[in-house]
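Single-letter residue listing:
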Amino acid sequence: SWSVRLSPDGKNLAFVSDKKLWMMPLASNLGSNISGAPVEINTEGIKVEWSGLSWSKDGRWIAFNEVPPQNDSLMIQGIYIVPSTGGPPKKVSQSYRDARIVNYKLGLSPDGDKLAYSAIEESKQHIFLSQVDGGEAYQLVDMQAREPVVSPDGSMIAFAEDRGIGRGAGNLGLWTVSVK
């Protein structure tokens, strides 16, 4: 389920197959109960990780994680956005992501201007917020956390507290923080 995301208007699916990003309309000219043909979204050769897809609320942008290069033992992954109608992808950030898939969730703001993600620094995982058009990402909270989700109006980010970096350490909690 992490490799498939329904568009905000409920008309399309974005999904990952063979390290490529695809869009599929849920209806076709053959009828509303017959899906359309999948169309590959141009990522300019960037291999797409199967986890972490996120749509902007307006449906114009999709955020995705890059598959780390095979020779990268540091697990440095790029995070990109791409227009849902096609066009060149834009690298928003890159960071150490660890080997736990729970760390890969992305939260794209309703207008596609901000991206929330978790990353590991100094053996601690935190939620970061980055402007899509550039600038330094900044850490949102001091506690260890993962799986950010942006509220529909873009004013808050919900996240899961996680002291064990996805390794089942317990003491999890759900929190929200205002977007600055």
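Below is a short write-up of the structure. The structure presented is a predicted model; accordingly, all values stated were derived computationally and were not measured. (Residues numbered from 1 in each chain as written. Predicted model: local features only at pLDDT ≥ 70, side-chain atom pairs only at ≥ 80, totals over all residues. Heavy atoms only, no water.)

**Considerations on the overall build of the chain**
When helices and strands are tallied, the chain shows 0 helices and 15 strands. The long-range fraction of contacts in the chain, counting pairs at least 24 apart against all pairs at least 6 apart in sequence, stands at 36%. Carbon and sulfur atoms make up 52% of the accessible area of the chain, which amounts to about 9300 Å² in all. (Helix = DSSP H or I, 4+ residues; strand = E, 2+ residues; numbered from the N terminus. Contact = heavy atoms within 4.5 Å. Areas by Shrake-Rupley, 256 points an atom, 1.4 Å probe, with all protein chains shown as cover.)

**So, the sheet that holds strand β9 (residues 106-108)**
Read across the sheet, 4 strands follow the order β9-β10-β11-β12 without closing on themselves; strand pairing throughout is antiparallel. The open sheet has two edge strands with one neighbour each: β9 and β12 (138-139). Two strands pair when backbone bridges link them, and strand β10 (residues 114-121) and strand β11 (residues 124-131) are joined in this way by 8 bridges, in the antiparallel orientation. Residue pairing in the sheet places Tyr117 in a bridge with Phe128 of β11. (Pairing = 2+ DSSP bridges.)

**Notes on the pairing of strand β13 (residues 145-150)**
Regular strands place their side chains on alternate faces of the sheet. As paired elements, β13 and strand β14 (residues 156-161) share 4 bridges and run antiparallel to each other. Opposite Val149, over in β14, you have Ala158 as the bridge partner. Hairpin connection, β13 to β14: the antiparallel pair is bridged by 5 residues, and Gly154 has positive phi, about 80 degrees.

**Details of unusual backbone geometry**
Of note, the phi angle at Asp18 is positive, near 55 degrees, even though the residue is not glycine. In this structure Asp18 comes out as exposed when scored by relative accessible area, which is 70%. In this model, Glu147 sits at a positive phi of 55 degrees, which is unusual for a non-glycine residue. On the basis of relative accessibility, which here comes to 24%, the residue Glu147 falls in the partly exposed class. (Buried < 20%, exposed > 50% of the residue type's maximum accessible area, 1.4 Å probe, protein only.)

**Observations concerning the sheet that holds strand β4 (residues 39-41)**
Sheet strands associate in pairs through backbone hydrogen bonding, adopting either a parallel or an antiparallel arrangement. Taking strand neighbours across the sheet as the criterion, the 4 strands line up as β1-β2-β3-β4 in an open arrangement whose pairing is antiparallel. Each end of this open sheet is capped by a strand with a single partner; those strands are β1 (4-6) and β4. Averaged over all neighbouring strand pairs, the angle between strand axes comes to 30 degrees, with direction disregarded. Two strands pair when backbone bridges link them, and strand β3 (residues 20-25) and β4 are joined in this way by 3 bridges, in the antiparallel orientation. (Axes fitted to C-alpha atoms, helices over the stretch in contact; angles between N-to-C directions.)

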